[in-house]
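The chain contents come next:
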Amino acid sequence: QVQLVESGGGLVQPGGSLRLSCASSGIAYSIDRMGWYRQAPGKERELVAVISSGGSTNYADSVEGRFTISRDNAKNWVYLEMNNLKLEDTAVYYCNAEALNLRRIATTYWGQGSQVTVSS
């Protein structure tokens, strides 16, 4: 009942910046955590950053200090500002959200993914 649509991915040079956006729509009692994951070829999907409805954040060590996650609680949108991008940041980035229905049962939703390629 919740749909997530990412935008903002693309090709960027090392040291450059990109801003990913994720728009949510649909029906849910509430959306608690929202975050970003990524998956590079040959690797498992990994957590990049997560933000709670209260604004608490958590980052992977590899992106700490370079990436910033934020959200608009009124619209249930989540953003990822990526700075000083490195070659190893190349991956498909997925928007993620945990939503509760009227019975307070949690369901995890995923976007289709957005390719971020860091290359000179």
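Analysis parameters
Residues numbered from 1 in each chain as written. Predicted model: local features only at pLDDT ≥ 70, side-chain atom pairs only at ≥ 80, totals over all residues. Heavy atoms only, no water. Salt bridge = Lys/Arg side-chain N within 4 Å of Asp/Glu carboxyl O. Helix = DSSP H or I, 4+ residues; strand = E, 2+ residues; numbered from the N terminus. Buried < 20%, exposed > 50% of the residue type's maximum accessible area, 1.4 Å probe, protein only. Core = buried A, V, L, I, M, F, W, Y, C linked by side-chain atoms within 4.5 Å. Contact = heavy atoms within 4.5 Å.

Engineer: What should I look at first to understand the pattern of salt bridges in this one?
Structural biologist: For side chains bearing opposite charge, pairing can occur when the charged atoms are close. Summed over all chains, the structure comprises four salt bridges. A salt bridge links Arg19 to Glu81; the shortest N-O distance between them is 3.7 Å. Linking Arg19 in strand S3 (residues 18–26) with Glu81 in strand S8 (residues 77–82), this pair joins segments that are 62 residues apart in sequence. In this structure, Asp89 engages Arg66 in a salt bridge whose closest nitrogen and oxygen atoms are separated by 2.8 Å. Remark: Arg66 occurs in the loop between strand S6 (57–59) and strand S7 (67–72) and Asp89 occurs in the loop between S8 and strand S9 (91–100); sequence separation between them is 23 residues. Arg66 carries the same exposure label as Asp89, and that label is buried. Three or more residues are tied together by salt bridges with common partners; here these are Arg38, Glu46, Arg66 and Asp89.

Engineer: Help me understand the nonpolar core in this model?
Structural biologist: Soluble globular proteins tend to bury their nonpolar side chains together. Residues Trp36, Leu80, Met82 and Tyr93 are the most contacted members of the largest nonpolar core, which totals 30 residues. Elements with a minimum of two residues in this core: strand S1 (2–7), S3, strand S4 (30–39), strand S5 (46–51), S7, S8, S9 and strand S11 (114–118). With sequence-adjacent residues up to four places away left out, Leu80 is seen in contact with Leu18, Arg19, Leu20, Trp36, Val48, Ala49, Phe67, Thr68, Ile69 and Tyr93.

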